[in-house]
Amino acid sequence: MTNFLLRRLLSAVVLLVAVSFLAYVLLYPSAGDIARNILGENATEAQVALKNKELGLDQPLMVQYFAWFAKAVSGNLGVSYFSSQSVWNTLLIRLPVTLSLVIVVTLLTGILAFAAGIYAAVRRGWVDRTLQIVATLGDALPSFVVALFLVTYFAIQLKMFPATGFIPLTESPAGWARTITLPVIALTIHGVSGVAQQVRSATIGVLRNDYIRTVRSRGLSERRIILTSVLRNASTNGLTSLAVQVVGILGGAVVIEFVFALPGLGSLAVEATSRTDLPLIVGVILAVVLIVVIVNLVVDLLVAWLNPKVRLS
């Protein structure tokens, strides 16, 4: 398990370096005249040239990247072109909001999807057909449409939840729960639909194996068989699908945070992109990739624990 963990950590480091390089190389040439965007259209050529030199934009692209990378390794991701605030500090302020959504949505998606998928696979019949219909509808329905319905009905009409804003967990756990309830529901519906289908298919496949019939012949209860034999073997596909859904959750968070006016990484990415604030854009990309890497690492460890063959491969 130690070697498996080290290989995954090394892959994560390589991925972060590759993403930083691609983000820097692809974004900077297409950003236009950054100095003029900062100074405004009335700035003189001399002022623009001075600003380019101040930001290091007069250097070749590879020189700029390696200068940035040398600082990034030590934890310095640069400063925002427009606010002059540290990118790292800005990310730390916005990160708890997005992490709140990602962690809660991922946990709820896993619990609900595994419960629904296994239940449908075991019961079959109308329960199974109902799950497939609901899952298909949930998978086809965009998260922002669900979010607009939730905020219109539950926040504006019924006033059960706040329509916008975010209260940190450290300030008020109850307030935090109220501010993330609707965004979490909007993101969870889509995630559960995809994962539940995978869990259902995997569970049906496991239940058809000969060793399940052998276990049943020993007189064990159906619940014990599901928990000890079926769940362990069917979890691999479900966990892998859940890890893939995290990417969708992060992508959906960009829109959801905009709808509910949540000050997270999604809204920060929109703001930075609209202003061509490249250090901030690269910082957001790295933060999102890091979240995905951590979630995938946790899932890989769980899959390796459930299936020893994965560790050997």
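Just so it is clear, the structure is predicted and the values come from calculations on it, not from any experiment.

The next thing to look at is the overall build of the protein chain. A tally of regular secondary structure across the protein chain gives 13 helices and zero strands. Scanning the protein chain from its N terminus toward the C terminus, one meets helices and strands in the order α-α-α-α-α-α-α-α-α-α-α-α-α. Within the span of the protein chain, comprising 313 residues, buried residues form 42% of the whole. Long-range pairs, those at least 24 residues apart, make up 73% of the contacts in the protein chain between residues at least 6 apart in sequence. Element-wise, carbon and sulfur atoms account for 66% of the exposed surface of the protein chain, whose accessible area totals about 16800 Å². Each charge class in the protein chain can be summarised by its mean position, and for the 23 positive and 14 negative side chains these summaries are 18 Å apart.

Our next topic: the nonpolar core. One finds Tyr-28, Trp-68, Leu-77, Leu-91, Val-230 and Phe-260 to be the most contacted residues of the largest nonpolar core, which totals 75 residues. Beyond its immediate chain neighbours, meaning those up to four positions away, Tyr-28 contacts Leu-57, Leu-61, Gln-64, Tyr-81, Leu-278, Pro-279 and Val-282.

The next subject is helix α6 (residues 125-140). For α6, spanning 16 residues, the distance from its first C-alpha to its last is 23 Å, which sits close to the expected 22 Å at 1.5 Å a residue. On the buried face of α6, the contacting elements are α5 (87-123) and α8 (173-207).

The next subject is the confidence of the model for the protein chain. The predicted coordinates ought not to be read in detail in places where the model reports low pLDDT. The predicted model of the protein chain averages 82 in pLDDT, with 96% of residues at 70 or higher. At the level of individual helices and strands, the protein chain shows its lowest average pLDDT in helix α13 (residues 308-312), which scores 56, and its highest in α5, which scores 88.

We now examine the packing of aromatic side chains. What the rule picks out here adds up to nine aromatic pairs. Counting every residue linked through ring pairs, the aromatic cluster contains Phe-21, Tyr-24, Tyr-65, Phe-66, Trp-68 and Phe-69.

Rules of the game
- Residues numbered from 1 in each chain as written.
- Predicted model: local features only at pLDDT ≥ 70, side-chain atom pairs only at ≥ 80, totals over all residues.
- Heavy atoms only, no water.
- Helix = DSSP H or I, 4+ residues; strand = E, 2+ residues; numbered from the N terminus.
- Buried < 20%, exposed > 50% of the residue type's maximum accessible area, 1.4 Å probe, protein only.
- Contact = heavy atoms within 4.5 Å.
- Areas by Shrake-Rupley, 256 points an atom, 1.4 Å probe, with all protein chains shown as cover.
- Lys, Arg positive; Asp, Glu negative; His and termini not counted.
- Charge placed at Lys NZ, Arg CZ, Asp CG, Glu CD.
- Core = buried A, V, L, I, M, F, W, Y, C linked by side-chain atoms within 4.5 Å.
- Expected span 1.5 Å × (residues − 1).
- pLDDT = per-residue confidence, 0-100.
- Phe/Tyr/Trp six-rings, centres within 6.5 Å; stacked < 30°, edge-to-face > 60°.

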